[in-house]
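Next come the chains, spelled out residue by residue.
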Amino acid sequence: MSDILAQLAEVLEARKAEDPAKSYVAGLYAKGLDRILKKVGEEATETVLAAKDGDAAHVVYETADLWFHTLVMLAYLDLRPEQVLEELARRFGVSGLDEKAARGQAE
């Protein structure tokens, strides 16, 4: 797998110092967390709808939008994609059922 997440994280961090009128991401940062979360929610919904339609290319496109806006959210909160990857690595090899039980959650 490539290091695109780390590269993108660096760009997103740099956008914090840019003019919101000249950068989409800087504009999102300027509008605050609620606006960023709204975009994450919108992109999640679009991803679900694309999956329901069954068009693989559309699913990939919408998932990229979802991941992008999730990375914007992480950067806004001063979190890094590596932290999410570390959490996924921690869970690797652990039964999903066991992991949920440890958190006291059930579906």
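Residues numbered from 1 in each chain as written. Predicted model: local features only at pLDDT ≥ 70, side-chain atom pairs only at ≥ 80, totals over all residues. Heavy atoms only, no water.

Caption draft 1: Up close: the overall build of the protein chain. Looking only at helices and strands, one finds six helices and zero strands in the protein chain. Principal axes of the C-alpha set define a box for the protein chain whose edges measure 45 × 35 × 30 Å. Across the 107 residues in the protein chain, those meeting the buried criterion constitute 24%. Look at the contacts in the protein chain between residues 6 or more apart in sequence, and 53% of them connect residues 24 or more apart. Entry remark: accessible area of the protein chain is about 7500 Å², with carbon and sulfur atoms responsible for 61%. (Helix = DSSP H or I, 4+ residues; strand = E, 2+ residues; numbered from the N terminus. Buried < 20%, exposed > 50% of the residue type's maximum accessible area, 1.4 Å probe, protein only. Contact = heavy atoms within 4.5 Å. Areas by Shrake-Rupley, 256 points an atom, 1.4 Å probe, with all protein chains shown as cover.)

Caption draft 2: Layout of the pattern of salt bridges. Evaluation of the coordinates by the stated rule reveals ten salt bridges. When the shortest N-O distance is used, the salt bridge between Glu18 and Arg15 registers 3.6 Å. Residue Arg15 is classed as partly exposed on the basis of its relative accessible area, which comes to 27%. A single salt-bridge network, built from bridges that share partners, covers Arg35, Lys39, Glu42 and Glu43. (Salt bridge = Lys/Arg side-chain N within 4 Å of Asp/Glu carboxyl O.)

Caption draft 3: Main features of empty space enclosed by the protein. Following the criterion strictly, the structure yields one cavity of 30 Å³ or more and no others. In this model, the largest cavity occupies a volume close to 50 Å³. The wall of the largest cavity is formed by Ala9, Leu12, Glu13, Leu71, Leu74, Ala75, Leu79, Arg80 and Pro81. A class-by-class count of the residues in the lining of the largest cavity yields seven nonpolar, no polar and two charged. (1 Å grid on protein atoms, 1.4 Å probe; cavity = no way out; pocket = protein on both sides within 12 Å on 5 of 7 lines; lining within 4 Å. Points joined across faces, edges and corners; volume = space filled by probe spheres on them. Nonpolar A, V, L, I, M, F, W, Y, C, P; charged D, E, K, R; others polar.)

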